[in-house]
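Per-entry structural report
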Amino acid sequence: MGQGKSQFTEEELQDYQDLTYFNKKEVLYAHQKFKVLAPEKVGHNKNAKLPMSKMLNYPELNVNPFGDRICKVFSSSRDGDCTFEDFLDMMSVFGEAAPKSVKAEHAFRIFDFDGDDMLGVSDLKQVIERLIGKDNHLTEQEMEYLVQNILEEADLDDDGALSFPEFEHIINRSSDFMNAFRMRL
């Protein structure tokens, strides 16, 4: 009945602390949360990789309309499957201590469905569709109207898409972005 032994060495914990916005205690807590997703797989294997289907069982990913995109962006293999380090990186970016610029960079990548480093019409339509939900449908005309309004507001160089600096400009004007881009451990 002693204290549980960590799977990580002090050096590993220090590295995780140095590379994230977490302290050592939070890193260990994150590992517990990761382990709960697949105890049979993680067990004593700190290098276990969980499939996206298991990752999406994390409560805040499960209800997030971008859960699959979040997993893919943070997955080191870009397929949505995550190691503990991927999970830790994700939780760190979504944590309270992460700066707005880091959150904005990751939000942009999550919304950039086609991976072309721009949020074009197709990306914006997918973002809107996910935000309004599967049960609410917009007409094509309503969708075009929304996309055009977004571009009129944010597309400063009139190229028909949002670059990261244009996206970041909008984020910086949004007072609730930091609260919306947060997940609890």
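Predicted model, so just to flag it, every value in this text is computed and none were measured. Just so you know, the residues in each chain are numbered from 1, in the order the chain's sequence is written. Owing to the predicted nature of the model, reporting of local features is limited to residues with pLDDT of at least 70; listing and counting of side-chain atom pairs is limited to 80 or more, with chain, interface and lining totals taken over all residues. Values reported for side chains reflect all heavy atoms of the structure, with hydrogen atoms and water molecules removed beforehand.

Turning to helix H8 (residues 100-111), a few remarks are in order. Strands are runs of DSSP state E lasting at least 2 residues, helices are runs of H or I lasting at least 4, and numbering of each runs from the N terminus. Given a helix with a known number of residues, its expected span is that number minus one, times 1.5 Å. Between its first and last C-alpha atoms H8 spans 16 Å; for 12 residues at 1.5 Å apiece the expected length is 16 Å, and the two agree. Per-residue accessibility, obtained with a 1.4 Å probe over protein chains only, is compared with the maximum for each type, and a residue is labelled buried under 20%, exposed over 50%, and partly exposed between these values. Listed in full, the buried residues belonging to H8 are Val102, Lys103, Ala104, His106, Ala107, Phe108, Ile110 and Phe111. Where H8 is buried, its residues meet helix H6 (67-74), helix H7 (84-94), helix H9 (121-132), helix H11 (164-173) and helix H12 (177-180). Whether two residues touch is decided by their heavy atoms; if any such pair falls within 4.5 Å, the residues are in contact.

Another point: unusual backbone geometry. The backbone of Arg78 sits at a positive phi, close to 65 degrees, despite the residue not being glycine. Along the polypeptide, Arg78 turns up in the loop between H6 and strand E2 (82-83). Phi at Asp158 takes a positive value of approximately 50 degrees, unusual for a residue other than glycine. Secondary-structure assignment places Asp158 in the loop between helix H10 (140-154) and H11. With relative accessibility at 67%, the residue Asp158 sits in the exposed group.

Turning our eyes to something else, we now look at the nonpolar core. By nonpolar core we mean a set of buried residues, namely Ala, Val, Leu, Ile, Met, Phe, Trp, Tyr and Cys, connected to one another through side-chain atoms within 4.5 Å. Ranked by size, the top nonpolar core spans 51 residues in total, and within it Met55, Ile70, Phe84, Phe87 and Met90 carry the most contacts. Sorting elements by how many residues they give to this core places H7 first, with 7 residues. Contacts of Phe87, omitting those with residues within four sequence positions, involve Ala30, Lys33, Phe34, Leu37, Met55 and Tyr58.

What follows concerns the pattern of salt bridges. We count a salt bridge whenever a side-chain nitrogen from Lys or Arg sits within 4 Å of a carboxyl oxygen from Asp or Glu. Scanning the entire structure with this criterion turns up 7 salt bridges. In this structure, Lys24 engages Glu10 in a salt bridge whose closest nitrogen and oxygen atoms are separated by 3.1 Å. Pair noted here: Lys24 is in helix H2 (residues 24-37) and Glu10 is in helix H1 (residues 10-19), with a separation of 14 residues, a long-range link. Of the charged contacts in the structure, one is a salt bridge between Glu12 and Lys46, with a shortest N-O distance of 2.8 Å. One end of the pair, Glu12, is in helix H1; the other, Lys46, is in the loop between helix H3 (39-42) and strand E1 (49-50), with 34 residues separating them in the sequence. Within this structure, Lys125, Glu140 and Glu144 form a network of salt bridges that share partners.

The next thing to look at is the packing of H1 against H2. Note on geometry: axes are lines fitted to C-alpha atoms, helical ones only across the stretch in contact, with angles between N-to-C directions running from 0 to 180 degrees. In contact at an axis separation of 9 Å, H1 and H2 are set at 100 degrees when each is read in the N-to-C sense. With respect to their mutual orientation, H1 and H2 come out roughly perpendicular. Seen from H1, the contacting residues are Glu10, Leu13, Gln14, Tyr16 and Gln17; seen from H2, they are Lys24, Val27 and Leu28. In this scheme, roughly parallel covers angles under 35 degrees and roughly antiparallel covers those over 145, while 65 to 115 is roughly perpendicular and the rest are oblique.

Residues are said to line a cavity or pocket when one of their atoms sits within 4 Å of a point; the points come from a 1 Å grid over protein atoms alone, cavities being sets where a 1.4 Å probe fits but cannot get out and pockets being open sets with protein on both sides within 12 Å along at least five of seven lines. Grid points are joined across faces, edges and corners, and a volume is the space filled by probe spheres set on the points. Estimated volume of the largest pocket: approximately 640 Å³. Lining the largest pocket are 27 residues; nearest its centre among them are Phe111, Val127, Leu131, Phe167 and Ile171. When contributions to the lining of the largest pocket are tallied by element, the ones reaching two or more residues are H8, H9, H10, H11 and H12. Ranked by residues supplied to the lining of the largest pocket, first place goes to H9 with 4 residues. Three classes are used: nonpolar for Ala, Val, Leu, Ile, Met, Phe, Trp, Tyr, Cys and Pro, charged for Asp, Glu, Lys and Arg, and polar for all others, with Gly counted as polar. Of the residues contributing to the lining of the largest pocket, the split by class is 21 nonpolar, 2 polar and 4 charged.

The next point concerns the packing of aromatic side chains. Only Phe, Tyr and Trp rings take part, Trp by its six-membered ring, and two of them pair if their centres are within 6.5 Å. Stacked means planes under 30 degrees apart, edge-to-face means over 60, and tilted covers everything else. Taken as a whole and judged by the stated rule, the model has 13 aromatic pairs. Taking 5.5 Å as the distance between ring centres and 20 degrees as the angle between the ring planes, the aromatic pair formed by Phe177 and Phe181 counts as stacked.

Counting through the fold element by element, Gly120 comes out in the loop between H8 and H9. What makes Gly120 buried here is its relative accessible area of 15%. Along the sequence, Gly120 and Leu162 sit 42 residues apart, while their C-alpha atoms lie 6.4 Å from each other. Contacts of Gly120, omitting those with residues within four sequence positions, involve Gly160 and Ala161.

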